[in-house]
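Residues per chain, in single letters:
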Protein chains: 2
Amino acid sequence: MPEHRTRVSAPGPARLDRPVLLGIIGDSAAGKTTLATGIARILGDDQVLIICSDDYHIYSRAERAERRITALHPDSNHVDIFEQHLQLLRRNQPILKPTYNHERGTLEPAQYLAPRPYIIVEGLLGYHARAMRDCYDVKVYMEPNEELRIKWKLWRDCNDRGYTAGEAQDELERRREDSQRFIQPQRTFSDIVINFCPPKNDDAETGAHLDVHHLLRPTLPHPDLSPLIEAGSRNGLSLELCRDRDGKPVDVLGISGSISDESAESLENLLWEMLPEAPHLRNNHVGEFTDIDGKPCISHPLVLTQLLIAYHMVKAAHGVHAV
Amino acid sequence: MPEHRTRVSAPGPARLDRPVLLGIIGDSAAGKTTLATGIARILGDDQVLIICSDDYHIYSRAERAERRITALHPDSNHVDIFEQHLQLLRRNQPILKPTYNHERGTLEPAQYLAPRPYIIVEGLLGYHARAMRDCYDVKVYMEPNEELRIKWKLWRDCNDRGYTAGEAQDELERRREDSQRFIQPQRTFSDIVINFCPPKNDDAETGAHLDVHHLLRPTLPHPDLSPLIEAGSRNGLSLELCRDRDGKPVDVLGISGSISDESAESLENLLWEMLPEAPHLRNNHVGEFTDIDGKPCISHPLVLTQLLIAYHMVKAAHGVHAV
């Protein structure tokens, strides 16, 4: 989905003397880039560096085909250099990042990146090793319903990456095993699992009216959501104590895709009130994305998801979260 | 000058738990690559990683021309990343090194390099910053006579880098000021200054019969050269106490280009006897290079220069030098 770029006036400097790192990890076409660009817009594009771990691919698309290895396999990525670069950025040092051209599937010259107050790392293998995981302040794992992800992936690969429908389908098949071996096991290391899914009454929905569930692990100090829930309980917002698939207790925050504009806005306002550190960010438009019909849309569940993650970033920057 | 590649049986592991770093710094076409490849052959090509700092150019040849900046200027090089990579290698970590294609003058995809027991860093700006200089165990500065360097440079740029004679001459002019500002001031930080020059009776010599002078600073524990000098005093070898151009006292070791094969060989043997740590390296052929007439040659002054620097590398690897 295309990136949106807006400029905002620079907020005051983050109070930590090092960048705050957010990980957005998940399978391909799980919605990582859409989430990352939206959060960057909230925090201010000039304050945020987005790193895509796909840039650390060792092989071009043609070389991967030749070697019969997928982009998801650690052996087809410079995982040690990626880890090194996360550590350097966390220590406030610049990196010379390799570059992978998704459109052409080729490796290109490296690119110099200086750290910024907020760094968003999105990609496939960002929680693969302990030393990588130790670099983040906030760890998100994207897990849309699998049928929805497949629709997103076919649309994206054919529209943005020059695949034919047949090639994109083959690629999905080829990746299935490596996804189970290398991508999905990373879910357990996240603080928040984000699950977009079609509402019960509309299996075909792929965009603005998707529901979202946030699985909230106690590894982060989540905001007190009770004012939100009280305000939203009859308006498509819910909070439930559940057992995760590993049996461990978690909170699940649900935001309905059919939430009304008014309810969504009042919930946004409540969230902003919990962020007295960043009133200057309040006017940034969020939640925009491009639907698979190519239409620009606003999704309330996406807006609120972006805001909740931005909340953690701002709190971490101001030393509210333990670091 | 073309690189030579030979394989040797792997020597025992170096005793340090980190690589030994040698710097070979100097203006372009000062003979850095010839020296580096010869030393690598002595130490064993599979034990040595050669890094060229030119790979850290920010701009392609065309971009430099457009911006009117030379390759010698720190602003046209990723000096901070170069410094970071030296520090990583010294800590025994791999790097993803950018790549500059000298033939085409373009930037290319980065290259993964794991450290090896010996690392030779050759290039223009390797002693530019204190933090870089602190990474080396041995620091060499190449300073051939200027007229000789110009002959070498014109030959190399036209033969290997696709310049016309006029372009190569223009490039020399353009670089003169930056050489004085940025390259030559690094001389003072070296342990050894290597000066190749034509013998008094033959101004036109550019290859095998050049004399060499080693200016030896007390910043390294140089070997006791008295047995060499005694054996060689009538055979083209000399050691003189001199004042450097800054007035500081230095030893100057002179090796004549007209030294006989027999004398050179017996001197080589004496040097090997000072290296009981590395008898297995003794059979490696050194001192070969390609003359500007395109002929492969052996130069005794070059052989002995390479051996003397390899001596310091082996001693450093075995913890004999302070580190």
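This report concerns the structure included in the present document. (Residues numbered from 1 in each chain as written. Chains lettered and ligands numbered in written order. Predicted model: local features only at pLDDT ≥ 70, side-chain atom pairs only at ≥ 80, totals over all residues. Heavy atoms only, no water.)

1. Section: the overall build of chain A
- Along the backbone of chain A there are nine helices and twelve strands.
- A globule of 323 residues ought to have a C-alpha radius of gyration of about 20 Å, and chain A, at 19 Å, matches this closely.
- Viewed in the frame of its principal axes, chain A has a C-alpha envelope of about 55 × 50 × 40 Å.
- Looking at the 323 residues of chain A, the share that counts as buried comes to 58%.
- Long-range pairs, those at least 24 residues apart, make up 73% of the contacts in chain A with a sequence separation of at least 6.
- Here chain A displays about 14100 Å² of accessible surface, and carbon together with sulfur accounts for 48% of that area.
- For chain A, the centre of its 37 positive side-chain charges and the centre of its 48 negative side-chain charges are spaced 4 Å apart. (Helix = DSSP H or I, 4+ residues; strand = E, 2+ residues; numbered from the N terminus. Rg over C-alpha atoms; globule rule 2.2 N^0.38 Å. Buried < 20%, exposed > 50% of the residue type's maximum accessible area, 1.4 Å probe, protein only. Contact = heavy atoms within 4.5 Å. Areas by Shrake-Rupley, 256 points an atom, 1.4 Å probe, with all protein chains shown as cover. Lys, Arg positive; Asp, Glu negative; His and termini not counted. Charge placed at Lys NZ, Arg CZ, Asp CG, Glu CD.)

2. A look at the packing of helix α1 (residues 32–43) of chain A against helix α9 (residues 300–317) of chain A
Residues and elements named next belong to chain A.
- The contact between α1 and α9 brings their axes to 9 Å, and the two run at 60°. One element, α1, and the other, α9, form an angle in the oblique class. α9 is crossed by α1, and the crossing has right-handed handedness. Facing α1, whose interface residues are Thr 34, Leu 35, Gly 38, Ile 39, Ile 42 and Leu 43, α9 presents Leu 302, Thr 305, Gln 306, Leu 307, Ile 309, Ala 310, Met 313 and Val 314.
- For the contact of α1 with α9, a count of residues per class yields ten nonpolar, four polar and no charged. (Axes fitted to C-alpha atoms, helices over the stretch in contact; angles between N-to-C directions. Parallel < 35°, antiparallel > 145°, perpendicular 65-115°, else oblique. Left-handed = near helix turned anticlockwise from the far one by under 90°. Nonpolar A, V, L, I, M, F, W, Y, C, P; charged D, E, K, R; others polar.)

3. What about the relation of the copies chain B and chain A?
- With an RMSD of 0.0 Å, chain B superimposes on chain A once it is rotated by 180° and translated 0.0 Å along the axis. The relationship between the two copies is best expressed as a two-fold rotation axis. For chain B, the residue whose C-alpha comes nearest the rotation axis is B:Pro109, separated from it by 2.0 Å.
- Most of the interface of chain B is mirrored in chain A, where 100% of its interface residues again form contacts. (Least-squares fit on C-alpha atoms with pLDDT ≥ 70 in both.)

4. Structural notes on the side chain of B:Asn77
Residues and elements named next belong to chain B.
- Relative to the helices and strands, Asn 77 resides in the loop between α2 (61–67) and α3 (79–90).
- Engagement of the side chain of Asn 77 in a polar contact is seen with the side chain of His 57, the distance being 2.7 Å.
- Residue contacts for Asn 77: discarding those within four places in its chain leaves Ser 53, Tyr 56, His 57, Ile 58, Ala 71, Leu 72 and Leu 125. (Polar contact = N/O pair within 3.5 Å; in protein donor to acceptor, adjacent residues only side chain to side chain.)

5. So, the interface of chain B and chain A
- In this assembly, 16 residues from chain B lie in contact with 16 residues from chain A.
- Summing both sides of the interface, chain B and chain A together bury roughly 1400 Å²; the carbon and sulfur share of this comes to 64%.
- Ranking the residues of chain B by area buried against chain A places B:Gln84, B:Leu96 and B:Tyr112 at the top, with a combined share of 36%.
- Linking chain B with chain A are zero salt bridges.
- Where chain B meets chain A, there are six residue pairs in polar contact (both at pLDDT 80 or more).
- Tallying contributions element by element places strand β4 (residues 106–113) of chain B first for the side of chain B that touches chain A, with five residues.
- Each residue belonging to the side of chain B that touches chain A can be placed in one class, and the counts come to ten nonpolar, three polar and three charged. (Buried area = accessible area lost by both parts, 1.4 Å probe. Salt bridge = Lys/Arg side-chain N within 4 Å of Asp/Glu carboxyl O.)

6. A few points about the sheet that holds strand β6 (residues 138–142) of chain A
All names here are of chain A.
- The mixed open sheet is built from eight strands, whose spatial order is β2-β5-β1-β6-β7-β8-β10-β9. For this open sheet the edge positions go to β2 (48–52) and β9 (237–243), each flanked by a neighbour on one side alone. Taken pair by pair, the neighbouring strands of this sheet meet at an average axis angle of 20°, ignoring direction.
- Pairing of β9 with strand β10 (residues 249–255), which is carried by seven bridges, proceeds in the antiparallel orientation. Across the sheet, residue Leu 241 finds its bridge partner in β10, namely Asp 251. (Pairing = 2+ DSSP bridges.)

None of this, on its own, says anything about what the molecule does.
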